[in-house]
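Residue-level listing of the chains:
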Amino acid sequence: MSVDDLKQQVMQLSTEEKQQFILTALPDMAEEALQDSGFMLRLLPVLLEIVKKSGIDLQQLMQFAAMQQQSGGGTGK
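Let us look at the structure shown here. (Residues numbered from 1 in each chain as written. Predicted model: local features only at pLDDT ≥ 70, side-chain atom pairs only at ≥ 80, totals over all residues. Heavy atoms only, no water.)

**As for the overall build of the protein chain**
In terms of regular secondary structure, the protein chain is built from four helices and zero strands. Seen in sequence order, the protein chain has helices and strands lined up from the N terminus as α-α-α-α. Relative to the compact-globule value of 11 Å for 77 residues, the protein chain shows a C-alpha radius of gyration of 15 Å, a clear excess of over 25%. The C-alpha extent of the protein chain, read off along each of the three principal axes, is 40 × 30 × 20 Å. Burial analysis of the protein chain (77 residues in total) assigns 5% to the buried set. Of the accessible surface of the protein chain, which amounts to about 7000 Å², a share of 59% is contributed by carbon and sulfur atoms. Distance between charge centroids for the protein chain: 7 Å, based on 6 positive and 10 negative side chains. (Helix = DSSP H or I, 4+ residues; strand = E, 2+ residues; numbered from the N terminus. Rg over C-alpha atoms; globule rule 2.2 N^0.38 Å. Buried < 20%, exposed > 50% of the residue type's maximum accessible area, 1.4 Å probe, protein only. Areas by Shrake-Rupley, 256 points an atom, 1.4 Å probe, with all protein chains shown as cover. Lys, Arg positive; Asp, Glu negative; His and termini not counted. Charge placed at Lys NZ, Arg CZ, Asp CG, Glu CD.)

**Focus on the environment of Leu 13**
Position of Leu 13 relative to the elements: it lies in the loop between α1 (3-11) and α2 (15-33). You can call Leu 13 partly exposed: its relative accessible area is 29%. Sequence separation between Leu 13 and Gly 72 is 59 residues; the distance between their C-alpha atoms is 32 Å. Setting aside residues no more than four positions away along its own chain, Leu 13 makes contact with Lys 18 and Phe 21. (Contact = heavy atoms within 4.5 Å.)

**Thoughts on a nonpolar patch on the surface**
A cluster of nonpolar side chains, Leu 34, Met 40, Leu 44, Val 46, Leu 47, Leu 48, Ile 50, Leu 58 and Met 62, forms an exposed patch at the surface whose accessible area comes to about 760 Å². At the level of secondary structure, the elements contributing two or more residues to the nonpolar patch comprise α3 (39-54) and α4 (58-71). (Patch = residues over 30% accessible without salt bridge, like charges linked within 9 Å, V, L, I, M, F, W, Y side chains within 5 Å. Salt bridge = Lys/Arg side-chain N within 4 Å of Asp/Glu carboxyl O.)

Here you go:
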């Protein structure tokens, strides 16, 4: 199955199914993908664009990330 085929299949899911897919698949995919140190530099602009489109203030996001890191809720291993 190609990346385009996979994307097409995922895009046919309901919004709730897409959200569940992102929450369950992204951590596993990221763990492997981030072994390539250059990948994060390619991923970061995509994530920032998602945050921008969501309307979330970047300062709020940074505060949330800091709170998550302090509470041990981050995914850093």
